[in-house]
Amino acid sequence: MQQMEFDTKWTMVVDVDKCTGCGACMVSCQAENNIAPMKEGSNKLKTLTWMLVYELNNGKEFPNREVAYLPRPCMQCGHPACVPVCPVVATTKDEEGGIVSQIYPRCIGCRYCMAACPYHARYFGWLDPVWPGGMDKALSPSTSTRPRGVVEKCNFCHSRLLDARQRARAEGMDPNKLPDGWYQPACLESCPTGAISFGDAKNPEHKVHELIKNPNAFRILESIGMEPQVYYISRRDWVREQSDNVAPGSHAENHAAEGKH
Amino acid sequence: MGIDRRTFIQLVTGGVVGSLFTPVIWKSLDDASIWSQNWPWIPRLKYGTITEQASVAKFGAAPCAEIVKSVGGSPYLTRGNAENEMSKGGVDPVSASGPQLMYSLSRVNGPMKKTAEGKYESISWEEAEKVLSEKLAAVKGKKGKLAVVSGDTTGTATEVLSGFAAGMGAECYLMPSEEQGAAVALSSMGGKGQIGYDLENSDFVLFVGADAMDSWGSVVRNQCVYSESRPTGEEIKTTYIYAGPFQNSTAAAADRWVPVAPGTGAIFCLGLAYHMLKAGASSSASDFADFKTLVMSRFSPDKVEKATGVAGTEMAAIAKRIMKSSAPVVVAGSEFAQGAGAADVIAASAVNMLLGRINKEGGMKILPELPKAVEAAAGRSELAAKDFVGYLAGIASGKVAAPAVMMSYEANPIYALPQNTALAQAVEKSGFLVSFSTYMDETASEADLIMPNPTCYERFEDAQTPYGVGAAMLAASAPVAEPLYNSKPTVDVVLGVASVLGIDLGYESADEVYQAKAEKAGADWDSLIEGAAYVSDSTESGSIKFAASVLSKAVTMPKGGEIALAPYSKLIIGTPTVAIPPLNVVAISKFELMGKDLMVQVNSKTAKKLGVSEGSKVKLAGAGGECAVRIHINEGVMNDVIAAPLGFGHTAWDAYSSGKGENISKLLTVGTESGTGISVWTSSFVSIA
């Protein structure tokens, strides 16, 4: 597989140790991206959670149990598995910054991309989205609404990137060299513990440029070579060890070790 | 003429060619693809000018300073206001849903009164105010005939209600919160003002019971302070330890979790004090000798281990670690932000006193109350110390007469009170129940008169010194949107009714009250509504004592041998006042709600003891009622403890929250704390069937 490389690489770094699992990021994500409220939320096969906070534990019995929370947006992979399988080119990775797009009007709902995504970051709209009783007045102007029957996913709040570029143009700056903090997704803005950092990993002036080199930084399932643009940081060994499921000594483990920063 | 082979081939060929040219097939396929994804209603995005305005959201359990984004005047998104000291940036998951709560299906559209048939009919504000004035005129000056309860502990609106109640010769209460125990604790220790904790300047924070990341104090501020002490990718500046029965959000974020049995926070703190005293810790407080005698005689390591489950060696190690720190602080509270009484706070204060951490940077602070805007109102701590649960327990038992009129503001007592079945009935015994609720909640659904308050986005609002913060402060906001429905700010309603009844509260409108509050506090009103908070750096002078005589009576060793209930409160599930917001439904864990079944959590050892397994349906029975639940095995729960989330089991509201799970408040057992006499409900035990 050929990896798409750009001069800008929008990258998210999540400090797992600081996430308290409060869920504010999940709520803000829905508000920003016009995900309709659902009356039944415990059938997780039908819910639409572009940002989903997983609960991890160290597998030990009381009193040695430890818990961590891991927020999971779309990984915006460098080698996205979803893109080549789409029969109608409804998802692409061809824009400066490396965000994997999802073009809803073009999607035919075949769900090949969902089957291909190893991170379960893609969601199919099984139900009609409904904002009852005037709740549509709180719709965000940033994101189009989707009917049922198409696949949707996190796009790092792409319209905010467009807004930031517009601002840069207006101020006579290079829209592809945005200052740190100009472009931030909704989940980051709402996170009360500052667990989410975001920026251009290729820009030395952006904080994430250094964070991804932290010895405790890792990516999920590095062994399968998707090259995600979402990194995690944890001081806890057991959290980092759960990031991949390769057999010890296997080819995949060696590949993962080579790919690690 | 017969059909020969040639004719047949011609017919088939003609049919195939014809069908390729006819649009019917293609049109049918096209229509089928459209119909199969047919959307009966397509919402249209609202376009217009995007504006941002600072606001103080009161949707969450503590005020949250945020920036509200609106399009064409309609709020649609919020983010934290990092410039405001009250919550320092970030939003909680209820406030994050603020715009959607403004357009909630549960909003009350206008004033309503209950008819003889038990249905509600819309009435005008004039009629509603007339009905209320008449009912209140009949009870004015008659002791015990009117009761007022507020769920807003920080707003000046509560001062207005308190002042009005005083003018009526009635009592004003607050809904249960951490503040009640802290107010009684400080008064028992001989102090005045309000207890706070300077977490941002501490290098070692021990939370005992207090779930600072989800329910204790100003949660968003706690989270932001925690975040500042551990910048991503850098060294940790402050060590956090959580002591409690369940691995909640605070335990998950802390550097260490120390399992401590539910309701034994005071014993744990006094167990630490034992080791500190043994190491030579001392104090100049007048009753130090009594305190030392009490601790050394009744809280030896073996007794403390038996009660809390924490080994003596571990307690000694924690005590040593605290004493080694340069700016430690110990914070005690309930695991679910209510019902702990005063003993936990007194015991934690005693540890802070032994460490010499009272009114020190990074320590426990005794904060002044901001000057009152309404002279007739009770002071903040005086109001907080009143025992609403005790009052209702008296009504339930027939010892106290039910009031002729009860007014409920920003509160949902029928849903949120402990030992819910009995105490909700006590509320319903009121002769005339008035709800000022914004939403059709459980209390509004039983009320005789509903006078809806607009949401905090549609009215002036303020917030003073949320419980737990380390400095006295004030924040305020102006409306960010036009009122959506025919609602009226409760402060304006009360001022109007007071005027009719000849009670002079000194103001004619809500914004006048808020501006006067700011002026008296020394804050600049314009700066407040632009998003800045006024912060005072003063603390109360004067020393406090250990309240050894109160501790001696209030702290008793649990009997043990039973299954203890450890309720917990998570903002994603809502608050005692606001039910599950629509956008939060999908964010609730399947280990807490599965379909309509509430999941409670036990570890595998307890499960084995109880003979239950993952998914088992059981019935929990407490002193106050029963709940049908399912079991989830979670090794983050102590032995012989069942952890259960509050916030479910609503019977009113809307489809996003109603009929989901059980209201665990039913199982809470209300008792009385010896020494202070206030109601407590952190030690509840359950049986399983």
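Thresholds, definitions, all that
One numbering rule holds for all chains: residues counted from 1, following each sequence as written. All chains are assigned letters beginning at A, and all ligands numbers beginning at 1, according to the order in which they are written. Reporting in this predicted model follows two pLDDT cut-offs: at least 70 for local features of residues, and 80 or more for side-chain atom pairs to be given and counted; totals over whole chains, interfaces and linings ignore these cut-offs and use all residues. Strand pairing is assigned whenever DSSP detects at least two bridges linking the two strands. To qualify as a helix, a DSSP run of H or I must reach at least 4 residues; to qualify as a strand, a run of E must reach at least 2; elements of each kind are numbered from the N terminus. Helix axes are fitted only over the stretch in contact, all axes being lines through C-alpha atoms; the angle between N-to-C directions runs from 0 to 180 degrees. Any pair of residues counts as being in contact when their C-beta atoms, constructed from backbone geometry, are within 7 Å of one another. Where each domain starts and ends follows an automatic or database-derived domain assignment. Each residue gets one of three labels, nonpolar for Ala, Val, Leu, Ile, Met, Phe, Trp, Tyr, Cys and Pro, charged for Asp, Glu, Lys and Arg, and polar for the others, Gly among them. The predictor's confidence in any single residue is recorded as pLDDT, a number from 0 to 100. When an angle is under 35 degrees it counts as roughly parallel; over 145 it counts as roughly antiparallel; between 65 and 115 it counts as roughly perpendicular; any other value is oblique. Helix crossings are classified by the rotation of the near helix relative to the far one: an anticlockwise turn of less than a right angle makes the crossing left-handed, while a clockwise turn makes it right-handed.

It is worth spelling out the sheet that holds strand S12 (residues 328-332) of chain B at this point. Residue and element names in this part refer to chain B. Judged by pairing direction, the sheet is parallel, and its four strands sit side by side in the order S11-S10-S9-S12 without closing on themselves. Among the strands making up the open sheet, the edge pair consists of strand S11 (256-259) and S12. Along the sheet, successive strands turn relative to each other by an average axial angle of 15 degrees, direction set aside. In the sheet, strand S9 (residues 204-208) pairs with S12 via five bridges, with the strands oriented parallel. The residue of S12 that forms the bridge with Leu206 is Val330. Contacts from helix H13 (residues 343-354) reach S9 and S12, with the element oriented near 170 degrees to S12.

It is common to give the size of an interface as the accessible area lost on bringing the parts into contact. All names here are of chain B. In terms of domain boundaries, chain B breaks down into domain 1 (5-36), domain 2 (112-174 + 369-535), domain 3 (180-367) and domain 4 (559-688). Domain 3 puts 25 residues into the contact, and the matching count from domain 4 is 22 residues. The class makeup of the residues in the side of domain 3 that touches domain 4 is 12 nonpolar, 10 polar and three charged.

Below, the discussion takes up the confidence of the model for chain B. The pLDDT averaged across chain B works out to 95; a share of 99% of its residues lies at or above 70. As scored by the predictor, the complex reaches a pTM of 0.94 and an ipTM of 0.93.

Take the interface of chain A and chain B next. Taken together, the contact between chain A and chain B spans 58 residues of the former and 64 residues of the latter. Here the side of chain A that touches chain B takes seven residues from helix H1 (residues 24-32) of chain A, the largest share from any one element.

Our focus in this paragraph is the packing of helix H9 (residues 265-278) of chain B against helix H12 (residues 312-324) of chain B. Packed helix pairs are specified by the crossing angle of their axes together with the interaxial distance, meaning the distance between the axes. Residues and elements named next belong to chain B. For the pair H9 and H12, interaxial distance at closest approach is 9 Å and the crossing angle is 70 degrees. Judged by the inter-axis angle, H9 sits roughly perpendicular to H12. In this structure, the crossing between H9 and H12 has a hand that is right-handed. Residue-level contacts link Gly271, Leu272, His275 and Met276 of H9 to Met315, Ala316, Ile318, Ala319 and Met323 of H12. Class assignment of the residues belonging to the contact of H9 with H12 gives a composition of seven nonpolar, two polar and no charged.

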